[in-house]
Amino acid sequence: MLKGKKVLLCVTGGIAAYKSLDIASSLSKKGVSVDVVMSDNATKFVTPLSFEAITSNPVHISSFDMDFQGIKHISLAKNSDVIIIAPATANAISKLACGLADDLISLTVLATNKKVIIAPAMNVLMYESKVIQDNINILKKRGYSFIEPEEGLLACGDFGKGKLANINHIVDVITENLRVENSLKGKTVLVTTGATREHLDPVRFLSNPSTGKMGYSVAKALIDKGADVILVTGKTNIPKNLNCKFIEVCSAIEMRDAVIDNIKNVDAVVFSAAVADYRPESYFDNKIKKSNDDLTVNLVRNPDIAKEVNLLGLNLVKVGFAAETQNLIENAQEKLSKKGFDFIVANNIKSKNAGFSVDTNKASIIDKYGVTDYDVMTKIELARIIADKLEKVLKDKCM
Ligand SMILES: Cc1cc2nc3c(=O)[nH]c(=O)nc-3n(C[C@H](O)[C@H](O)[C@H](O)COP(=O)(O)O)c2cc1C
């Protein structure tokens, strides 16, 4: 399963650099191909030769290598499934947070859309300093994953949090990220996500609190199965770091147009966006001035995107979402048949730990065979269940 997978191990100049030899060794023994990039300072702690002997691959240090065919940082970024920085120094973390690109590690990480995992190791006061914690939070918000350091007696003699995480744990996290299945390879799935905005004037709009987390999680679960994903996304604050095609839209009409333009080339579609049913009848090019009079806004129906797709009569798997506040199952069942969905994910947005803005969901999945109720789970877990079911329906339809 791990054979043929590629990890780029970036080693920076901390006292724990020698422990990365064990990471390289453990991954190599599992059949993973490991490329190592070392910062100049890392070479003062451990020799490149040790990594070369363990991985049987040349170690990369300089960005400017005349013997290398192609552009090294672009090539390394593309030719890896997962990038791990271990140990990550305070310096390396801060450089990444600022977008600096003055050595091969920072350049490569900037040039990738692959999964980047960072395992910091440093003195406790350095780790707990406000600037490093702020920089870690900046990177987390941008989608980088962190493996937290452990608490213990540090090389400098201080006690506290800053020890590189356990090597077995680091290797487990890396291998978990490498276990991308290829069961949907060759399939293209279009996913809609986020909230639409229906503008009244340049500064005012009708919308809803959808964050897009559910749709992004579904897109990620499908990508993990090897599918090509087109993510048609309304407004969200989620970093666009998934390995898929993004189409950003604002209004329901823009979302409908993006879906219709792309639907003929896909095998399945997941309608998880929270699309506004109505939009203001008129749009004012300039901000509407406040006056003492009341303002009446006439709302008109927006296109029903799923219904329009159904009317095209294409041979594709269609998955709907129903966010309801009452009669959940009845309303979802009606939607299922009216819009020709293969299955629908229904959730009561009034129930605790479900719906907009939270990381969890409590859903029922309904198809022509019946209703399956699920307990509260993370949106990522629910997304995996949806991706598994979508895969099964595709196979049953022999597509
Ligand atoms: C003996 C010694 C040990 C060090 N250990 C660490 C460490 O564990 N973590 C860290 O963030 N910096 C450590 N530093 C400081 C880094 O080496 C320094 O910030 C350097 O600029 C990092 O360069 P790099 O991030 O390009 O590898 C250490 C420095 C010395 C001299």
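Residues numbered from 1 in each chain as written. Predicted model: local features only at pLDDT ≥ 70, side-chain atom pairs only at ≥ 80, totals over all residues. Heavy atoms only, no water.

Each domain of the protein chain was delimited in the assignment, giving domain 1 (6–178) and domain 2 (188–396). The C-alpha-based centres of domain 1 and domain 2 are spaced at 37 Å. (Domains from an automatic or database assignment.)

Most of strand β4 (residues 82–88) is tucked away, with seven of its seven residues classed as buried. Residue alternation in β4 divides its side chains into two sets, Val82, Ile84, Ala86 and Ala88 and Ile83, Ile85 and Pro87, and both sets are buried. Pairing geometry for strand β1 (residues 6–11) and β4, over four bridges, is parallel. Its bridge partner lying in β4, Leu8 is registered against Ile83. (Buried < 20%, exposed > 50% of the residue type's maximum accessible area, 1.4 Å probe, protein only. Helix = DSSP H or I, 4+ residues; strand = E, 2+ residues; numbered from the N terminus. Pairing = 2+ DSSP bridges.)

Before going further, it helps to examine the pairing of strand β21 (residues 370–373). With four bridges connecting them, strand β20 (residues 363–367) and β21 associate as antiparallel partners. Counted as the bridge partner of Ile366 is Val371 from β21. As consecutive antiparallel partners, β20 and β21 are separated by two residues.

The next thing to look at is the side chain of Thr188. Its place among the elements puts Thr188 in strand β9 (residues 188–193). For Thr188, a relative accessible area of 16% corresponds to the buried category. If sequence neighbours within four positions are ignored, Thr188 has contacts with Asp228, Ile230, Asn265, Val266, Asp267 and Ala268. (Contact = heavy atoms within 4.5 Å.)

Right, let's talk about the packing of helix α1 (residues 20–29) against helix α8 (residues 167–178) for a bit. Close contact between α1 and α8 brings their axes to 10 Å; oriented N to C, the two are set at 45°. Taken together, the axis directions place α1 and α8 in an arrangement best described as oblique. Like other packed secondary-structure pairs, α1 and α8 cross with a definite hand, here right-handed. Across from Asp22, Ile23, Ser26 and Leu27 in α1, the residues of α8 making contact are Ile167, Ile170, Val171, Ile174 and Thr175. (Axes fitted to C-alpha atoms, helices over the stretch in contact; angles between N-to-C directions. Parallel < 35°, antiparallel > 145°, perpendicular 65-115°, else oblique. Left-handed = near helix turned anticlockwise from the far one by under 90°.)

Let's shift gears to the sheet that holds strand β14 (residues 268–271). Spatially, eight strands are ordered β13-β12-β9-β14-β17-β18-β20-β21 in an open sheet, and the strand pairing comes out mixed. Sheet topology places β13 (245–248) and β21 at the edges, where each strand pairs with a single neighbour. This sheet shows a mean twist of 15° between the axes of neighbouring strands, independent of strand direction. Taken strand by strand, helix α9 (residues 213–224) contacts β9, β12 (228–233), β13, β14 and β17 (317–324), and its axis lies near 170° from that of β12. On the sheet, helix α12 (residues 328–338) packs against β17, β18 (343–348), β20 and β21 and is oriented at approximately 155° with respect to β18.

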